[in-house]
Amino acid sequence: MERDDIIEYSLDAHHSEEAGKAIRRKIWMVTALLTAITIIEVALGAFIKQGSGAWPFVKWSFIIMTILKAGYIVMVFMHLGDERKGLRYVILVPYFLFMLYLIFIALMEALAIGKIWDTYMV
Amino acid sequence: MAGHASKQIDSSTLWGGKISPFSTSYGKLMMWFFLVSDALTFGGLLVAYGFTRHDAQDAWPIGEETFNSLPFLGHGYPLIYVALMTFILIVSSVTMVLAVEAGHRMDKRGVIKWMIATIIGGFFFVGSQAWEWSHFIHGSEFGKVELADGSQAIVKGHFGEIENFTVLEAGDHHKKGEVITEDLMHEFQHAVELGHIKDGIITLHDGSKAKVNKKADEHMQLIIKSNGSKHKVGDVIKEQEACDLYYQAINSGEAHRVIYGANLEQNEYGPQQYGQFFFFITGFHGFHVFSGVIINIIILMGVIAGTYHKRGHYEMVEKTGLYWHFVDLVWVFVFTFFYLV
């Protein structure tokens, strides 16, 4: 009997053998890339000490590499890149706006409080 | 209608209202909404961590100083183990996406194979995290020491082995002249924490007093993490001077001069909040991994039973895959902000 209470079928949910080959190749490429980024991160962390002259550069490259890794995971592994543009924006835009705001406001506040500790509590 | 302008939609894809927003199924869209809310939770936790770190007065622990051990191999491998954990989780994410891909080809055996690989990867990660926690809680051999001027320092170097305790004064359990060779490290650290060592003489738990016979420590370094009247944050004291200052604290007979490992009140790595954030953030993430493994096992049973094959599509694998990738995604950020930066 056909069930009409289960409505859960996504478009493009099937692909052929040939398409599968191409997709798998892409998956392995991304795997190699993510692994390479992780190795670079650990090597940088091990050889460049916090507080050294190059550290601010290393720190920001860590953050950029992290966002790069996250981008590949979300767009390729989670297939958000294959979804419709509208869905992509509904998920990413509000999240990024809110997080950037929260990071900005919280870190500014923390630095201000740190300064107050330094000034009055020592 | 807005949701499906360009594509012909299978009538079974349409939701109850006979449209399909963003041309996705109901379940997948709800999974995405859940993941966004969960991402906000983790985002909030990491921002709170950043807040505490930026307003902290004492030096914040540095990842490669705190996490530098490997199972069976000991110390001196900065961040290697965490990197390995990251790699394990990335690989299990890859096997998950391969399971989803196999599902799109209706390849039941492929889905089973890759899902089992994913579950094994998940268990490896959870096990690694358990090891990491255990190591974090038990701490190092030296601990964190409060020096005579009130400054606090973490200690690096090679801890000389304790050979034995020679009993000088009998207690309830040990007789005079007895040479104790068991459970030395535990007994030693316990006595140090309680201030039960004075001038090289240890008072054991049964009240007996004994002489500590210990090999010399090598390459000792004290890295100052909290200001005192003489030493300031960032100072590094080396070799003999470090050794003298450390054993002055150990032999002072005062309690709480040395802290080993971590609990919710104090830890040897840095400020109190550091330990709390470690337990909460990695614990909350580990709980996500654990529930992800359980969900994967449940879905795997469905795959083996052929439930999704009969349904004509493997979308359940895709949805649980979304959750699993999300767990990997969170770890990428935890790895950077807790261990690297």
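Residues numbered from 1 in each chain as written. Chains lettered and ligands numbered in written order. Predicted model: local features only at pLDDT ≥ 70, side-chain atom pairs only at ≥ 80, totals over all residues.

J.: Can you help me understand the overall build of chain A in this one?
T.: When helices and strands are tallied, chain A shows three helices and zero strands. If you list the helices and strands of chain A from N to C, you get α-α-α. Residues counted as buried form 15% of the 122 residues belonging to chain A. (Helix = DSSP H or I, 4+ residues; strand = E, 2+ residues; numbered from the N terminus. Buried ≥ 20, exposed ≤ 12 C-beta atoms within 10 Å, placed from the backbone.)

J.: Which parts of the structure should I look at to understand unusual backbone geometry?
T.: Across residues other than glycine, the phi torsion is negative in most instances, and most of the peptide bonds are trans. With a phi angle near 60 degrees, His79 of chain A is a residue other than glycine that sits in the positive phi range. Examined against the element boundaries, His79 of chain A turns out to sit in the loop between α2 (55–77) and α3 (85–120). Taking the C-beta count within 10 Å as the criterion, His79 of chain A has 19 such neighbours and is therefore assigned partly exposed. In this model, His219 of chain B sits at a positive phi of 50 degrees, which is unusual for a non-glycine residue. Examined against the element boundaries, His219 of chain B turns out to sit in strand β8 (residues 218–226).

J.: What exactly am I supposed to notice about the packing of α2 of chain A against helix α9 (residues 315–340) of chain B here?
T.: Interhelical geometry of α2 of chain A versus α9 of chain B gives an angle of 175 degrees and a closest axis separation of 10 Å. Taken together, the axis directions place α2 of chain A and α9 of chain B in an arrangement best described as roughly antiparallel. Where α2 of chain A abuts α9 of chain B, its residues Phe62, Ile63, Thr66, Lys69, Ala70, Ile73, Val74 and Phe77 of chain A lie against His325, Asp328, Leu329, Val332, Phe333, Thr336 and Leu340 of chain B. Class assignment for the residues of the contact of α2 of chain A with α9 of chain B results in ten nonpolar, three polar and two charged. (Axes fitted to C-alpha atoms, helices over the stretch in contact; angles between N-to-C directions. Parallel < 35°, antiparallel > 145°, perpendicular 65-115°, else oblique. Contact = placed C-beta atoms within 7 Å. Nonpolar A, V, L, I, M, F, W, Y, C, P; charged D, E, K, R; others polar.)

J.: Is there a simple way to explain the interface of chain A and chain B in this structure?
T.: Often, the extent of an interface is quoted as the loss of accessible area on bringing the components together. The interface is formed by 49 residues belonging to chain A together with 53 residues belonging to chain B. Going through the elements one at a time, α1 (17–47), α2 and α3 of chain A are the ones with two or more residues in the side of chain A that touches chain B. The element that contributes the greatest number of residues to the side of chain A that touches chain B is α3 of chain A, accounting for 15 residues. Considering only residue class, the side of chain A that touches chain B consists of 28 nonpolar, twelve polar and nine charged.

J.: Would you take a moment to explain the pairing of strand β7 (residues 209–214) of chain B for this structure?
T.: The side chains of a regular strand alternate, residue by residue, between the two faces of the sheet. Residues and elements named next belong to chain B. The sheet contact formed by strand β3 (residues 162–169) and β7 spans six bridges and is antiparallel. Bridge assignment links Ile162 to a residue of β7, and that residue is Lys214. Taking the residues that link successive antiparallel strands as the turn, the strand β6 (residues 201–203)-β7 hairpin has five residues, and the phi of Gly207 there is positive, at about 95 degrees. (Pairing = 2+ DSSP bridges.)

J.: Which parts of the structure should I look at to understand the environment of His54 of chain B?
T.: Relative to the assigned elements, His54 of chain B resides in helix α1 (residues 26–55). What His54 of chain B contacts, discounting residues up to four positions off in sequence, is Leu107, Ala110, Leu111 and Gly114 of chain A.

J.: Looking at this structure, I do not really get α2 of chain A. What am I missing?
T.: For an α-helix, 3.6 residues make a turn, and residues three or four places apart therefore share a direction. Along its 23 residues, α2 of chain A runs 32 Å from first to last C-alpha, staying within 8% of the 33 Å computed at 1.5 Å per residue. When we look at burial in α2 of chain A, the residues that qualify are Met65, Lys69, Ile73, Val74, Val76 and Phe77 of chain A. Looking at the buried residues of α2 of chain A, the elements they touch are α1 of chain A together with α3 (80–104) and α9 of chain B. One or two residues past the end of α2 of chain A sits His79 of chain A, with phi positive at roughly 60 degrees. (Expected span 1.5 Å × (residues − 1).)

J.: Where do I start with the sheet that holds β6 of chain B in this structure?
T.: Paired through backbone hydrogen bonds, the strands of a sheet run either parallel or antiparallel to each other. Residues and elements named next belong to chain B. Taken in spatial order, the five strands make up an open sheet running β4-β3-β7-β6-β5, and their pairing is antiparallel. The two strands at the open ends of the sheet, each matched to only one other strand, are β4 (179–180) and β5 (197–198). Here helix α5 (residues 184–194) sits on the sheet and contacts β3, β5, β6 and β7; the angle it forms with β3, its principal contact strand, is near 60 degrees.

J.: Would you explain the sheet that holds strand β1 (residues 144–146) of chain B in this entry?
T.: Residues and elements named next belong to chain B. What the five strands build is an open sheet, ordered β9-β8-β2-β1-β10; its pairing is antiparallel. The outermost strands of the open sheet, each flanked by one partner alone, are β9 (236–238) and β10 (258–259). With three bridges joining them, β1 and strand β2 (residues 152–158) adopt antiparallel strand pairing. The partner of Glu146 across the bridge, within β2, is Gln152. Together, β1, β2, β8, β9 and β10 form the strand contacts of helix α6 (residues 239–250), whose direction differs from that of β8 by roughly 65 degrees.

J.: What am I meant to see in the confidence of the model for chain A here?
T.: Mean pLDDT over chain A stands at 86; residues scoring 70 or higher make up 89%. For chain A, the element scoring lowest by mean pLDDT is α1 of chain A, at 90; α2 of chain A scores highest, at 93. (pLDDT = per-residue confidence, 0-100.)

J.: Looking at this structure, how should I read the nonpolar core?
T.: Side chains of a nonpolar character, in soluble globular proteins, are inclined to be buried together. Core analysis: the biggest nonpolar cluster contains 65 residues, and Val82, Ala99, Val111, Val317 and Phe335 of chain B have the highest contact counts within it. Those elements giving two or more residues to this core turn out to be α1 and α2 of chain A together with α1, α3, α4 (108–138), α7 (272–305) and α9 of chain B. If you look at the next biggest cluster of nonpolar residues, it comprises 25 residues, including Phe165, Ile202, Val258 and Ile259 of chain B. (Core = buried A, V, L, I, M, F, W, Y, C linked by C-beta atoms within 7 Å.)

J.: What exactly am I supposed to notice about the environment of Gly177 of chain B here?
T.: Within the fold, Gly177 of chain B resides in the loop between β3 and β4. For the pair Gly177 of chain B and Ala210 of chain B, spaced 33 residues apart in the sequence, the C-alpha separation amounts to 8.9 Å.

J.: Any chance you could explain the packing of α1 of chain A against α3 of chain B here in plain terms?
T.: What describes two packed helices is the angle between their axes and the distance between those same axes. It is the contact of α1 of chain A with α3 of chain B, at a shortest axis distance of 10 Å, that shows an interaxial angle of 170 degrees. Considered as vectors, α1 of chain A and α3 of chain B are oriented roughly antiparallel to each other. Between α1 of chain A, through Gly20, Ile23, Arg24, Ile27, Thr31, Leu34, Thr35, Thr38 and Val42 of chain A, and α3 of chain B, the contact on the second element is made entirely by Ile80, Ala83, Thr86, Phe87, Ile90, Val94, Val97, Leu98, Glu101 and His104 of chain B. For the contact of α1 of chain A with α3 of chain B, the class distribution of residues is eleven nonpolar, six polar and two charged.

J.: Mind showing me how you'd approach the confidence of the model for chain B here?
T.: Residues and elements named next belong to chain B. Taken residue by residue, chain B gives an average pLDDT of 87. The fraction at 70 or more is 95%. Long-range and interchain partners of residues 1–6, a stretch whose pLDDT sits below 50, account for ten contacts in this model, where long-range means more than four residues apart. Under the prediction, the complex receives an ipTM of 0.88, its pTM being 0.86.

J.: Explain the pairing of β2 of chain B to me, please; I cannot follow it from the model alone.
T.: Residues and elements named next belong to chain B. Burial within β2 is extensive, with five of its seven residues counted as buried. Connecting β1 to the next strand, β2, in antiparallel fashion are five residues, including Gly150 with a positive phi near 95 degrees. For β2 and β8, the ladder comprises six bridges, and the chain directions are antiparallel. Its bridge partner lying in β8, Ile154 is registered against Ile223.

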